[in-house]
Amino acid sequence: MTERAYALRFISGKYQGGEYPLQDARDLVIGRSSDLDMVLIEDMVSRKHAKITLQDGAITIADLGPTNGTFVNGEKVKKAQLKEGDRVLIGTSILKLVTVQRSAQAIDARAAQQQLERTAAAQERRGRSAVQGRLEEVPLVDLLQLLSTSKKTGAIVIQGYRGGRVHLRNGRVVAAVIDADPTLPPKKALYRMVGWSQGGFEFVPQEGELPPMPNEIQESTEALVMEAMQQQDELARGTLPAPTAAIGIAMPLTPRLRDLTPEEVDLVQLVHNYGVVQAVLDRAQGSDLEVAQKLAALLQRGYLRQF
């Protein structure tokens, strides 16, 4: 038998800092009902919310039909395989699957539950009700799903190498801004921030109604999260020009400029004026993924070159 075992570590929410061990060859049923294995006392958790099974080293999670859903790494699931490092959102708790040293003693589920309750009580005494932490532990996609399901109004404030704010009204993302730059479209700013892996964050609740904001985002939070994750996956593949790359017009320029669309001519002009991929991404129309794909096509067709 391996010396390592698995546990669920609470990295956000009422039980933050708590840990619950997984037992081999048995189900762990999570919910609000007092007769379950892991009992999470909060309104956003259904009576029977989710089931986690560890069998022959494979770990699966099954959604048991809760009102607010079960999320793995920011994506809503009905059933999914879990691996070390995966994050599960249940109610307002984010749990991370971790490996721990296997104990010589048998796991006492009741003791683990009591420890969770003591953790929650200690959090309450310290007044740790605010949603705060670091993106290294809790990525923005998880925060967005958490605040969306709990229909929160306010702003996620991110501080680090760059600063950003995401504004929500009743759980819907309505605006996003990076470094207080009003020229960066809100959706482009949001999609970029989803890719940030470092920095501290805090959710600041809004007192009263959130007033209308300029160029409000209309899509649902779930649709935005899905699109942002897909864009980040494509951008991370390494097949598109890197944001830090120097870029310019090919010399000599062999293909004819008249074969370009007006949109492509505008992109070539931005390349000529600024010479760095990131500067072009900042100023071009469309998402970072769309612009990067167009730059890659112009490079392939011989209009542009990287240095």
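This structure is a prediction, so every number in the text was calculated from the model and none was measured.

Peer 1: Mind laying out helix H5 (residues 262–274), listing which residues take part and the relevant values?
Peer 2: If you check H5, its first and last C-alpha atoms are 19 Å apart, about what 13 residues at 1.5 Å a residue would give, namely 18 Å. If you check which residues of H5 are buried, you get Glu264, Leu267, Val268, Leu270 and Val271. Buried residues along H5 cover an arc of 155° about the axis, so they all sit on one side. Along H5, the residues that are exposed and aim more than 90 degrees away from the buried face are Pro262 and His272. Where the residues of H5 are buried, they touch strand E17 (247–249), helix H6 (277–283), helix H7 (288–300) and strand E18 (304–306).

Peer 1: For the packing of aromatic side chains, give the residues involved together with the corresponding values.
Peer 2: For the structure shown, the criterion picks out 1 aromatic pair. Pairing Phe10 with Tyr15 gives two aromatic rings, centres 5.6 Å apart and planes at 55°, and the pair type is tilted. Assessed through its relative accessible area of 2%, Phe10 is described here as buried. The aromatic ring of Tyr274 is capped on one face by Arg283, whose charged end is 4.1 Å from the ring centroid.

Peer 1: Talk me through the pattern of salt bridges; I want residue IDs and the actual numbers.
Peer 2: One pass over the full model with this rule turns up 17 salt bridges. Put simply, Glu137 and Lys96 hold a salt bridge, and the shortest N to O gap is 3.1 Å. Here Glu137 is found in the loop between strand E12 (132–134) and helix H2 (140–149), whereas its partner Lys96 is found in strand E11 (residues 93–101), with 41 residues between them in sequence. Members of the salt-bridge network, linked through shared partners, are Arg192, Asp282 and Asp288.

Peer 1: Can you lay out the environment of Glu19 for me, pointing to particular residues and giving the numbers?
Peer 2: The topology assignment puts Glu19 in strand E2 (residues 19–21). Along the backbone, Glu19 and Thr119 are 100 residues apart, and their C-alpha atoms lie at a distance of 9.3 Å. In contact with Glu19, not counting residues within four places along its chain, are Ala7, Leu8, Arg9, Phe10, Val98, Val100 and Leu116.

Peer 1: Got a sec to walk through the packing of helix H3 (residues 186–194) against helix H4 (residues 221–236)? Specific residues and values, please.
Peer 2: Where H3 contacts H4, the axes come no closer than 9 Å and their chain directions differ by 60°. By the angle between their axes, H3 is oblique relative to H4. Considering how the two elements wind past one another, H3 and H4 form a crossing that is right-handed. For the pair H3 and H4, the contacting residues are Lys187, Leu190, Tyr191, Arg192 and Val194 in the first and Leu224, Glu227, Ala228, Gln231 and Gln232 in the second. Of the residues that constitute the contact of H3 with H4, the class distribution is 5 nonpolar, 2 polar and 3 charged.

Rules used throughout
Residues numbered from 1 in each chain as written. Predicted model: local features only at pLDDT ≥ 70, side-chain atom pairs only at ≥ 80, totals over all residues. Heavy atoms only, no water. Helix = DSSP H or I, 4+ residues; strand = E, 2+ residues; numbered from the N terminus. Expected span 1.5 Å × (residues − 1). Buried < 20%, exposed > 50% of the residue type's maximum accessible area, 1.4 Å probe, protein only. Arc of directions from axis to C-beta. Contact = heavy atoms within 4.5 Å. Phe/Tyr/Trp six-rings, centres within 6.5 Å; stacked < 30°, edge-to-face > 60°. Lys NZ or Arg CZ within 6 Å of the ring centre and 35° of its normal. Salt bridge = Lys/Arg side-chain N within 4 Å of Asp/Glu carboxyl O. Axes fitted to C-alpha atoms, helices over the stretch in contact; angles between N-to-C directions. Parallel < 35°, antiparallel > 145°, perpendicular 65-115°, else oblique. Left-handed = near helix turned anticlockwise from the far one by under 90°. Nonpolar A, V, L, I, M, F, W, Y, C, P; charged D, E, K, R; others polar.

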